[in-house]
Amino acid sequence: MNSYALIPFLPLAAFVINILFGRKYLKENAHWVSILAVAGSWVLAVMALVDVLGGNTINFDLYTWMLSGGFKVSVGFLIDQLTVVMLIVVTTCSTLIHIYSVGYMHGDSGYYRFFAYLSLFTFSMLMLVMANNFLQLYFGWEGVGLCSYFLIGYYFNKKSASDAGKKAFIVNRFGDFGFGLGIFVVFLTFGTVYYEPVFSQAGGLAEATFNFLGYDVHLMTLIALLLFCGSVGKSAQIPLHVWLPDAMEGPTPVSALIHAATMVTAGVFLVARCSPIFSLSETALMVVALTGAITSLFAATIGLVQNDLKRIIAYSTVSQLGYMFLACGVGAYTAGIFHLYTHAFFKALLFLCAGSVMHAMGGELDIQKMGNLKKYMPVTYMTMLIASFSISGIPGLAGFFSKDEILWMAYAGESPVGKFVWAIGTLVAFLTAFYSFRLIFLTFHGKFRGTHDQEHHLHESPKSMTIPLMLLCVGAVAAGWVGIPALIGEKIGVHNYIAEFMKPVLGHPEGHGTHAEEMVVMLISIAVGLAGIGLAYFMYILRPELPARLAQQLSAVYRVLFNKYYVDELYSFIIVRPAIWIAKNVLIGITDARIIEAVVNGVPSAIAAFSSGLRKIQTGLMQHYATIMATGILIIVAIMLLR
Amino acid sequence: MPIAMPNLIPVMPELVMTGVAIILLMAELVIKRKETLGFLSLISVGLISYLLLGSAGTTFGGMFVSDGYSTFFKLIFMANLVLTVLISPKYLQTMRINFGEYYALTLFATLGMMLMASAADIIVLYLGLELMALSTYVLAGFIRYDMKSNEAAIKYLLLGAFASAILLYGTSLIYGLTGTTNLRDIAVYITHNGLAKNPLLMVSMIFFAVAFSFKIAAVPFHMWAPDAYEGAPTPITAFMSVGPKAAGFAVLGRVFLVAFGSVKTDWSVILIPIAVLTMAIGNILALSQTNIKRMLAYSSIAHAGYMLLGIIAGTPAGISSVLNYMFIYAFMNIGAFAIVIMLRTEGFAGEDISDYEGLGKTHPTAAALMLVFMFSLTGIPPMAGFMGKFYLFMSAINAGYTWIVIVAVLFSAISAYFYLRIVMLMYMKEPKEVIQLNTSPGIGLALAVTVSAVILIGILPAKVLALAQQAVTSF
Amino acid sequence: MLQQLFFGYYAFMIIILSLLVVTRGNPVHSVMWMLLLFFHIAGLYLFLNAEFIAAIQVIVYAGAILVLFLFVVLLLNLREELSLRQIAGSWPAAFFIVAALFITVTAALGAYVQGPVGSYSIEAIRSETHTKALGRLLYTEYLFPFEIASLILLVAVVGAVVLAKRKLRS
């Protein structure tokens, strides 16, 4: 047995211990178990990284679950370059956020429960990324979804929280349905669910078609798109993005870990993992790229006008996830994963800073009621500022390198929609810088706009919270240095390490542009970032009355954006309400035999007579049951005989 | 005229069962502690299971056959009986209906099921069915002072009689057409005389499908189930939701694959809409229930829909996946009912879904067990329910019914909502009131058995599946 | 021709009488119609050369069971419930559906093909006598179903005892 198998099972053990002994014995010490376990996983992950850097790829089956004919399911782990990057991201973020939670959740009644779920989540996420087959991937996929559901609804006494949990769960069912089907089709096509044979055989089936209801469907496109359905749900892309902003009802460490750094990126991971399949279908790649691009623009525009601190960051997450898909869609999987990796640091940091602010503000989330917090919370301010610089693409910081890589790949790649998504990406870079700094300026600068009480309570967060902030901040600054593009790298003597590292799994498409073009693209992206920051400075520091006036003048646009393009209302109108209506009126109608009653009683007067008779005879519906049975027989007989 | 002694070895388990049931009836007069009767029936199950394994053979002029198929089903019936007897005594005491006939009647019902599983002749099939049904009607109405229990019994009885009449009609038609009631002879006659396209054969086949659909509670012949399940004593609800359903599937499989095997294309046309409707109505109506027994009733309807997929597939893989699923279903469903029974105390029904609020806090063990059963019923790995569904769906896909599997997956996704709602209530809500658990060693043992079966089969499914695959090689 | 007339009369009367049994308001009337119904069924058995079953039908059903029914009805003293409507309001629709089913199945009957006839022809029964043939079959070929039927009767008795016990609670 390989010791790397312990990576997911340490957190699982922590979960079991906490759930069994947490309430009675561990209580306030529950975090120790979880933190030690996750830290252990981190150490092993680092060892795995060293191992993989040394050129080893590890693929082994731990335990065979079932074996029937050619079909085999086992718990097996594949540790290659892609996995190892994910392992580092997941265990690092998870460890830091576990530590942060010690301070954040202090005194909560469900302390042990929180840590138990957090560990369970870490286990599921690690199972997801380490799987060597689709079924285990699916297992982890559903596992993280379930933990997400539990943790969003953690404050279950709050109706909005339990509603948000339900929403996340139900919306994800839509995506997972496609994902499940995708795995079925994979199995039907390849006769196995293991990555290795699937990916090695995929090339031979590049032109295969699949007859579905009389249509010939390009097989690889079908598989890729079905799998992508799962990605769309999990990574909150249009049209299934609606759950993520609501998921902010969960505790902030959860938002940071699950809804920013790890779980939501599983969709990107899935696309990257299945890159041998996606690469065979131009259509699928185009869908991925366009979905990503449109989502990133869509979410960024919504983020411009929101006032809820965490929701702004949530829309920013949706937008950045769109970026990653955009990258994958133009074939630059490495760039997508690179962005996933840098994004994990600065976005987790943003969320934890937001949590720190909430901590100080007594749970207040409206940035219009904040201001001048930099005076009271210097550490939070500095770290959040750096994270915002990073996300805005200020040169030298982590976000800059990954974002630049994506934009360049989009521009110079072979994708037919490359130039188009590059343009959108650049626009989004501008918007991102703008809303990130709108957040900074409204929260930390200007005058404090909250109540007197709140001002009195303002304080910096405890060490257990600020230390993770600082550590993540290091990541937000330096994480990108492993992927410095050749353009700059040549001058300072470093390579694009991550691109070389990932090449064996994800390939590395060469751009078709000149150095000069690359330089222009880079300068444009820097320029729009700075312009966004500048505009935010102008509007919220120099001319603070301007935003309100602008909102008034462009009230139609403002309202559409503020109400998130009315997508929730649209879904409520076309899906939720009809479904509830059908359930209530049509289906319950059948149980109450109302419809049947109406059908059976041709004469209205008979209905009245019947319902009064019904009360007297306890077994009144019996006749109806028999009538329905007879109707069933009649219909079947008629169909079979007239056929 | 000399009368040849029939070979009794194949029917030995049934004979012992009959003997034990009659002894229990008489012992009831002298034994004051009724639990002793339950204990006796448990011992007899051990003996019968032992006899079952060596009972292969055909007897009574080919009317009764003991093969792998029937033995597998009989093992399910034994599990069903043991678990029911284990969860019963405490409930009977709480409800103050601790009468000794209870155990004899469950034994007779199980005997009926065993006869059905082994019936190679429609007459034996029908009589076994009636034996099972009659015992179950009485058991459903066992709480005589309770109107709901009475209602359950009378509805089940009257509609059951209706279904029996349909079955007899079908039998008379097939006898008229083929001059025999033996399943194999019917098959031979149909193929040799080109009856396959005869409309009357079709009608007869439909009548069989309808009667069996009634027993497995498939839509639109399921109407009795929610009322009967809700009103019956809870251990009997558990018993009814597994035993008669399994017996229904046993005869459905045998009659349709043996007697009507040559007209498979025709009967799959009948069963497909029934299966789809069953999954739809079962899952959708379960959503709106507030009573847990009613919800589990609709859930058991839905599960019949899934299992029909295996019959529709009609391949050995399909039938073996039905057997496999039925076996798993017995454990997970009775396990869930055992929890429902534990919530019942004197003066507190504990049957509202809202009664489960905060159970995770007040009774973490019970809640954890319920979670396992709900997960398994949803079909979430690594619980056994997932494996069962997986093999069913695979067999249907391999038989070319991909679109029905898509529908089934869709509905089983919907089912997650109402199963996981219970989980959500248990763990995400604060307890409304302090609920006392009505535990007993019997229920404890039943829960231990069911939960370990659900998890073990989930993790090591190969054994049961191999047994099921072996079982269907006999026909 | 005479045979058909004979059969037609009995079959038709059985349906009519059954309807009368289930539609009467007064249970005593129902029981009386049932008596007549049983005689007609016995007539059909006779028509099939099954004089033993016909006799049993009259002795057991008409003689014993119906008298018991009558006792129960009289003992219960159902005066208040006599005015109850026996059929809930939905009967026209139910009637329509059942009638349609009847017509469809009857139409299918046109496709009837006579299956092989068994060894018990009318001549064989006449030579062996009906009672003897029946007894022989029950104890040889149909021994197994016969025994199961006895268990069903046992369960029916036990069930009746359980459901009619004076003690409601233990």
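These numbers were taken from a predicted model, which means no experiment stands behind them.

Turning our eyes to something else, we now look at the interface of chain B and chain A. Counting residues at the interface gives 58 residues for chain B, matched by 43 residues for chain A. Counting across the chain B and chain A interface gives 0 salt bridges. Viewed at the interface, chain A and chain B are joined by 1 residue pair in polar contact (both at pLDDT 80 or more). Ranked by residues supplied to the side of chain B that touches chain A, first place goes to helix 17 (residues 402-428) of chain B with 10 residues.

Below, the discussion takes up the packing of helix 6 (residues 159-190) of chain A against helix 16 (residues 384-398) of chain B. Describing two packed helices takes the angle between their axes plus the distance from one axis to the other. Put simply, helix 6 of chain A and helix 16 of chain B touch, their axes get as near as 12 Å, and they point 55° apart. Our classification of the angle between helix 6 of chain A and helix 16 of chain B gives oblique. The interaxial crossing formed by helix 6 of chain A with helix 16 of chain B has right-handed handedness. Touching Phe184, Phe187 and Leu188 of chain A of helix 6 of chain A are Phe393, Met394 and Ile397 of chain B, all from helix 16 of chain B. The residue inventory of the contact of helix 6 of chain A with helix 16 of chain B, partitioned by class, reads 6 nonpolar, no polar and no charged.

Side chains of Ile170, Phe174, Leu570, Phe573, Ile574, Ile575, Val576 and Ile580 of chain A together with Tyr417 of chain B sit close together on the surface and give an oily, nonpolar patch of about 820 Å² of accessible area. Per-element accounting of the nonpolar patch gives the leading share, 6 residues, to helix 26 (residues 567-591) of chain A. Val576 of chain A sits in the partly exposed class, given a relative accessible area of 40%.

Quick look at empty space enclosed by the protein now. Residue and element names in this part refer to chain A. Throughout the structure, instances matching the rule amount to 5 cavities of 30 Å³ or more. In this structure, the largest cavity occupies an estimated 90 Å³ of space. Along the wall of the largest cavity there are 13 residues; nearest its centre are Gly145, Leu146, Phe169, Asn172 and Lys234. Those elements giving two or more residues to the lining of the largest cavity turn out to be helix 5 (134-152) and helix 6. With 6 residues, helix 5 is the largest single contributor of residues to the lining of the largest cavity.

A few words on helix 18 (residues 418-444) of chain A. An α-helical turn contains 3.6 residues, so a residue and the one three or four places further along point in the same direction. Residues and elements named next belong to chain A. Taking 1.5 Å per residue as the helical rise, helix 18 with its 27 residues ought to reach 39 Å, and the 38 Å between its terminal C-alpha atoms agrees with that figure. The element helix 18 is largely enclosed, with a buried count of 22 among its 27 residues. Immediately downstream of helix 18, the backbone of Gly446 shows phi near 70°, a positive value.

Moving on: the pattern of salt bridges. Evaluation of the coordinates by the stated rule reveals 24 salt bridges over all chains. Note that Glu249 of chain A is salt-bridged to Arg311 of chain A, the shortest N-O span being 3.9 Å. One end of the pair, Glu249 of chain A, is in the loop between helix 9 (243-246) and helix 10 (252-261); the other, Arg311 of chain A, is in helix 14 (residues 309-329), with 62 residues separating them in the sequence. One exposure class covers both Glu249 of chain A and Arg311 of chain A, and it is buried. With a shortest N-O distance of 3.2 Å, Glu101 of chain B and Lys165 of chain C are connected by a salt bridge. Here the residue Glu101 of chain B occupies a position in helix 4 (residues 101-118), and Lys165 of chain C occupies one in the segment after helix 7 (143-164), the pair thus bridging two chains.

Residue and element names in this part refer to chain C. In this model, chain C carries a mean pLDDT of 85, and residues with pLDDT of at least 70 account for 92%. Ranking the helices and strands of chain C by mean pLDDT puts helix 7 first, with 93, and helix 5 (residues 122-128) last, with 82. Prediction confidence for the complex, expressed as pTM and ipTM, is 0.65 and 0.91 respectively.

Residue and element names in this part refer to chain A. As for its position among the elements, Leu471 is in helix 20 (residues 463-478). Exposure remark for Leu471: the relative accessible area of 46% places this residue in the partly exposed category. The sequence separation of Leu471 and Leu349 amounts to 122 residues, and the corresponding C-alpha distance is 9.1 Å.

Cut-off values and rules
- Residues numbered from 1 in each chain as written.
- Chains lettered and ligands numbered in written order.
- Predicted model: local features only at pLDDT ≥ 70, side-chain atom pairs only at ≥ 80, totals over all residues.
- Heavy atoms only, no water.
- Contact = heavy atoms within 4.5 Å.
- Salt bridge = Lys/Arg side-chain N within 4 Å of Asp/Glu carboxyl O.
- Polar contact = N/O pair within 3.5 Å; in protein donor to acceptor, adjacent residues only side chain to side chain.
- Helix = DSSP H or I, 4+ residues; strand = E, 2+ residues; numbered from the N terminus.
- Axes fitted to C-alpha atoms, helices over the stretch in contact; angles between N-to-C directions.
- Parallel < 35°, antiparallel > 145°, perpendicular 65-115°, else oblique.
- Left-handed = near helix turned anticlockwise from the far one by under 90°.
- Nonpolar A, V, L, I, M, F, W, Y, C, P; charged D, E, K, R; others polar.
- Patch = residues over 30% accessible without salt bridge, like charges linked within 9 Å, V, L, I, M, F, W, Y side chains within 5 Å.
- Areas by Shrake-Rupley, 256 points an atom, 1.4 Å probe, with all protein chains shown as cover.
- Buried < 20%, exposed > 50% of the residue type's maximum accessible area, 1.4 Å probe, protein only.
- 1 Å grid on protein atoms, 1.4 Å probe; cavity = no way out; pocket = protein on both sides within 12 Å on 5 of 7 lines; lining within 4 Å.
- Points joined across faces, edges and corners; volume = space filled by probe spheres on them.
- Expected span 1.5 Å × (residues − 1).
- pLDDT = per-residue confidence, 0-100.

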